[in-house]
Amino acid sequence: MTALAAQLERWRQQSGAVRIQPAAQAVIAPLASGSAAIELDHLRRLLGLRLRSTASQTAVDGDLPGSELAPGLRYVERHLDLGPADAVLYTDIAGFEHIDPPRLLHFDTETTGLSGGTGTRAFMIGVADWRDDRLRIRQLYLATMAAESAMLETFASWLRPEHILVSYNGRCYDAPLLATRYRLARMHNPLAALRHLDLLFPVRRRYRGVWENCRLATIERQLLGVLREDDLPGSEAPRAWRSYLTRGDARDLRRVLAHNDQDVISLAQLLRRLAIAAP
Amino acid sequence: MSAIQSELTLSDRGLPRMQGADAAQLGAALQRKYAERITGHSVQPARSADYRPLPESLPAALRRALQARGINQLYSHQAEAWDAVGRGADVVVVTPTASGKSLCYTLPVVASAMTQSTRALYLFPTKALAQDQVTELLELNRAGDLGLRAHTFDGDTPGDARQAIRLHGTVVVSNPDMLHQGILPHHTKWAQFFENLRYIVIDEIHSYRGVFGSHLVNVLRRLRRVCAFYGSTPQFILCSATIGNPKAHAEALIEREVTAITRSGAPHGERHVLLWNPPVCNPDLGLRASARSQSNRIARLAVRAGLKTLVFAQSRLMVEVLTKYLKDVFDHDPRKPARIRAYRGGYLPGERRAAERAMRSGEVDAVVSTSALELGVDIGSLDVVVLNGYPGSIAATWQRFGRAGRRQQPALGILVASSDPLDQYLIRHPEFFSGAAPEHARLHADQPLILLDHIRCAAFELPFHDGDGFGSDAIDPFLQVLAESGVLHHEGTRWEWIADSYPANAVSLRSVADGNFVVVDRSEGRQTIIAEVDYSAAALTLYEGAIHMIQAQPYQVERLDWEGRKAFVTRTHVDYYTDAIDYSRLKVLAQFEGCVAGAGSALHGEVHVVRRVSGYKKIRYYSHENIGYGPVNLPDQELHTTAIWWQLPQSVLDAGFSSRQDALDGFLGAAYALHLVATVAVMAEARDLQKSVGSADGAWFAAADGRGRGQLRAIDGGLADPRDVPGFIPTVYLYDNYPGGVGLSDPLWRRQGELVVQARALIEGCACRAGCPACVGPILAADEAALDTPRALALRVLNLLFVP
Ligand SMILES: [Zn+2]
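Being a predicted model, the structure only gives us computed values, none of them experimental.

With that settled, the discussion passes to the overall build of chain B. Helix and strand counts for chain B stand at 24 helices and 35 strands. Residue burial in chain B is summarised as follows: out of 804 residues, 60% are buried. Nonlocal contacts in chain B, meaning residues at least 24 apart in sequence, comprise 73% of its contacts between residues at least 6 apart. As displayed, chain B offers around 29,500 Å² of accessible surface, 49% of which is attributable to carbon and sulfur atoms.

Here the focus is the domain arrangement of chain B. Examined at the domain level, chain B breaks down into domain 1 (2–46 + 268–434), domain 2 (51–261), domain 3 (448–506), domain 4 (517–574) and domain 5 (580–801). Summarising the inter-unit geometry, the C-alpha centres of domain 1 of chain B and domain 2 of chain B are found 33 Å apart.

Next up on the list: the packing of helix H21 (residues 660–681) of chain B against helix H24 (residues 790–800) of chain B. All names here are of chain B. Interaxial distance between H21 and H24 falls to 7 Å at its minimum, and their mutual angle equals 80 degrees. Overall, the two elements H21 and H24 adopt an arrangement that is roughly perpendicular. Contact residues: Asp662, Ala663, Asp665, Gly666, Phe667, Gly669, Ala670 and Leu674 in H21; Leu793, Ala794, Val797 and Leu798 in H24. The residue inventory of the contact of H21 with H24, partitioned by class, reads 8 nonpolar, 2 polar and 2 charged.

Residues and elements named next belong to chain B. Read from one edge to the other, the open sheet built from 3 strands follows the order S19-S21-S20, with strand pairing classed as antiparallel. Single-partner strands in this sheet number two, and they are strand S19 (464–465) and strand S20 (488–491). Two elements, S19 and strand S21 (residues 494–497), share 2 bridges in a ladder whose sense is antiparallel. The residue of S21 that forms the bridge with His465 is Arg494.

Residues and elements named next belong to chain B. Tracing the backbone through its elements, the reader meets Gln235 in strand S9 (residues 235–240). Here Gln235 falls in the buried class, since its relative accessible area comes to 7%. Of note is the side chain of Gln235, whose polar atom sits 3.0 Å from the backbone oxygen of Val85. In this structure Gln235 touches Val85, Gly88, Ala89, Asp90, Arg198, Tyr199, Ile200 and Arg256, once residues within four positions along its chain are discounted.

Okay, the sheet that holds strand S16 (residues 366–369) of chain B next. What holds strands together in a sheet is hydrogen bonding between their backbones, with the strands either parallel or antiparallel. Residue and element names in this part refer to chain B. Read from one edge to the other, the open sheet built from 7 strands follows the order S1-S11-S18-S17-S14-S16-S15, with strand pairing classed as mixed. In the strand order of this sheet, the two ends are held by strand S1 (38–44) and strand S15 (340–343), each with one partner. Averaged over all adjacent pairs, the angle separating strand axes in this sheet is 15 degrees, with direction ignored. Of the pairings in the sheet, the one linking strand S11 (residues 271–276) to strand S18 (residues 411–416) comprises 6 bridges and is parallel in character. Within S18, the residue paired with Arg271 across the bridge is Ala411.

Of all hydrophobic cores here, the largest spans 78 residues; its most connected members are B:Leu415, B:Trp646, B:Leu674, B:Val693, B:Leu755 and B:Ile763. Looking at this core, the element that brings in the most residues is H21(B), giving 13 residues. Viewed by domain, this core spans two of them, domain 1 (2–46 + 268–434) and domain 5 (580–801) of chain B, each represented by three or more residues. Apart from the residues within four sequence positions on either side, B:Val693 is in contact with B:Leu664, B:Phe667, B:Leu668, B:Ala671, B:Phe701, B:Ala702, B:Thr731 and B:Val732. Ranked by size, the runner-up nonpolar core spans 41 residues in total, among them A:Leu105, A:Phe123, A:Leu142 and A:Leu253.

This part takes up the pattern of salt bridges. Residues and elements named next belong to chain B. A complete count under the given rule lists 41 salt bridges over all chains for this structure. Between Lys324 and Asp328 there is a salt bridge whose closest N-O contact spans 3.6 Å. Residue Lys324 and its partner Asp328 are both found in helix H13 (residues 316–330); the two are separated by 4 residues, about one turn of the helix. Residue Lys324 is classed as partly exposed on the basis of its relative accessible area of 23%. Its relative accessible area of 38% is what places Asp328 among the partly exposed residues.

Let us look at the environment of B:Glu563. Along the chain, B:Glu563 falls in the loop between strand S25 (553–561) and strand S26 (566–571). Overall, the relative accessible area of 69% leaves B:Glu563 in the exposed class.

Let's shift gears to the packing of aromatic side chains. Residues and elements named next belong to chain B. One pass over the full model with this rule turns up 23 aromatic pairs over all chains. An angle of 75 degrees between the planes, with centres 5.8 Å apart, marks the rings of Phe193 and Phe194 as edge-to-face. Per residue, the accessibility class of Phe193 equals that of Phe194, and both read buried. Judged by centre distance (5.4 Å) and plane angle (85 degrees), the rings of Phe460 and Trp497 are edge-to-face. Note that Phe460 is positioned in helix H17 (residues 448–461) and Trp497 in strand S21, a separation of 37 residues in sequence. Take Phe460 and Trp497: they sit in the same class, and that class is buried.

Rules used in this analysis
Residues numbered from 1 in each chain as written. Chains lettered and ligands numbered in written order. Predicted model: local features only at pLDDT ≥ 70, side-chain atom pairs only at ≥ 80, totals over all residues. Heavy atoms only, no water. Helix = DSSP H or I, 4+ residues; strand = E, 2+ residues; numbered from the N terminus. Buried < 20%, exposed > 50% of the residue type's maximum accessible area, 1.4 Å probe, protein only. Contact = heavy atoms within 4.5 Å. Areas by Shrake-Rupley, 256 points an atom, 1.4 Å probe, with all protein chains shown as cover. Domains from an automatic or database assignment. Axes fitted to C-alpha atoms, helices over the stretch in contact; angles between N-to-C directions. Parallel < 35°, antiparallel > 145°, perpendicular 65-115°, else oblique. Nonpolar A, V, L, I, M, F, W, Y, C, P; charged D, E, K, R; others polar. Pairing = 2+ DSSP bridges. Polar contact = N/O pair within 3.5 Å; in protein donor to acceptor, adjacent residues only side chain to side chain. Core = buried A, V, L, I, M, F, W, Y, C linked by side-chain atoms within 4.5 Å. Salt bridge = Lys/Arg side-chain N within 4 Å of Asp/Glu carboxyl O. Phe/Tyr/Trp six-rings, centres within 6.5 Å; stacked < 30°, edge-to-face > 60°.

Structural data, given as structure tokens:
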């Protein structure tokens, strides 16, 4: 920060320097207060930043669903009756010709951004699996950034070697993103060893050109008849989470929870629809 | 008229038939015939090689590979580098072009890769150099079956190859931009690479100066942060062309102590250098024949003599113009392969490769190039290098001269001065080129905006903690500003990235604003991208109506989509080229310091600059006459930077000058001279330091009109009369042409008194009577007879600012 410090020093010295009456009127008088304040002000001026007016302190709706598993780590669980689980699923997906449903772990993450790279993280992980003929939906999400490693640890503790991950575009998006997060947390990546069934590929193979696109929302509407109400688009999730983090406003974060919940349910139903009758 | 004349004054007549002559003989003949144009001549004697045996500690397979490639001993600097790196030192090797410097890093990198499976990252400033380096490594690898995997990793690397390179590349050859935008922000994918990273090689470090260099320091800070995360502390091996402060520059780049190896053991042939000033063609106005006409003729003589010739020009436009002139002579038969080629940035990679191949194979006799060729791109042996204009630094001058003489034969380098005042100043002071160390490379890594950009990128890569340094100091204020703008979140002691963006994409290491312009050819219904142009050059070269030359083929810009960064062009057959007219105005925002300067004052502070391209001139080929103007309508470019400036109170001006117009002319002439000596004083690139004359409150600014007289313009650009301006206080500014300033105004401020003295001496020592392009700027014949000549007026201003 030498440049800024030097600048500060110049301002200090100026009182002792020869005082010139400037020809222009547009000379901004240097500040004489605390050093940090001057540096900050100088930086702000350089950046053309205006201090954002502190938000009006009206009460915000900061109500977070679920319970606290660890400081800042929230947990939501529910069970859903979707009719009895199949004993075994047969598919034409290579490597997954017959699947034992209790081994399936449907998952989906919500992330702080879509641009990828080390600065993008998952702030929510939703998981659905079959338990006693019902679909169990578990969601982990962060109320603080520090809770990330607790979330990664908890998610890892749910995974067993016999699990098959089920996702929609997870091979290219969610799994590499989590791999990065585990790496940054200096933890072993528990996903690497598991089989992973990404439904995007079979869906594309089967339905490309049939509907306008292969986004999960389109597929679930066309194939499963799911119509989401008050759905917060996935692209809005980063903003929703930041509003909670910086302003404590949880309204949209709750809509992200609902969206993620529907995503993992749709995954489970989609896989059933893709299954074929026993050969 | 005068220009046409000058084309004719330098003819082949009177020169001995040069067919089959060597470069030294050509140099001697030119000296005999044009003695009055040559302001300096120097000869570097030939030097024989200083050899050392191959080191004992070299792995046997590597030794065999070297021997298979015909390398049975090392030059002394290669052996010294091997020893120093072996001791664990960070090293900079400073040797001339073609001295085998790459072996200085290849040996330790390959030896360590073979014995300890370590990995290395090479950074080159251009993709072309990276390509060459990989080729060289792979040849060595094949010669000894060493099991090396060397790959380039840059924007051209296909997606499906990237994973394999990350996982298995022994040597990854990339560039700072790719490291910054493609590697560091994805460092987790490179985890194994960083864990085993032992050497970082940075070649051509002299090219990392100014803004680019300041960015690189910060990219390296980020690189070291990431390495520390993976538990590695790689060693640096740096290479540089000859500059005045290689050790200090290397240390400024990597912020660690560095061992410098500066004595080359490589042999070279005799090297002749001529400094060439075009003849005066109008002594009254101090006008000289154009450098272009002289360079063109010298290149013709050299090619006729059978000498392989390289002509460096300062701009892409000049490359195209000179190429056309030479092609008109040597390439008029389209059935024969071209003997003349242009080479510059902005061509597509394939086209560039083809040009390089043609040059290496020797089928081309002359190449006309921009600085794109300055950096060791291998184009084979050359005899003669002609510099059409001073390249902006002594180091670049020597490096370009160094392209000639690779065969240990005599080489000839000729610097042809342009009418640019800096050229004229330097060409008359040959001492700048002899003996004196080339200038110092300058960095300003803690320039607040650059620093802020990289702190943002670094925070994306790994979170910061309270009290963390980046470089040396605590950076909490930067983190706080980033938190205020919503990209970081402070929680506990950590500053975490929370924005939904990829910050490296918004930061270009090479220019102020990101976004190259593409040039789209729409001739005959096509839609082909034929070139790319830097953002910084776009306003000056891609305005609607501009003639844009590509391989000497003129295209006219029909439409410029500024937001979309596209220029649409069609092929044309006009006989002119175009040149932009631009001006700037300044407003003082804050003053840091001030002091009395003679009867006036000198100040130092922050300014706001608005630059505008207002129109363009059409200039006919060969005659260079101005055949018309066109208007340009582009957004203003704004800049917030630092400057120094001088001003005189109105009472002093009223007493010292018979009219305000005279005072204004005096300030314009003084600005011209001050800018000239300041550029040399801080060894700035001319474009990094700019001058302006205007009112300190930004109410008006002045520019020389076509006749060399000051014109006063209001903020809207309209003409104003100096007599009507309230509070007439002209001010001459020298400003740093980079947002926030890149460290030029500080040293200028410290030397402000000296600059006035030097500017005065420059004008007083000039041979002209009334003023000329070498002192106060071009003047009009009518001013010759004036009582108060522009020269006298400028001297009067400087005398009033002079502190005895
Ligand atoms: Zn002069």
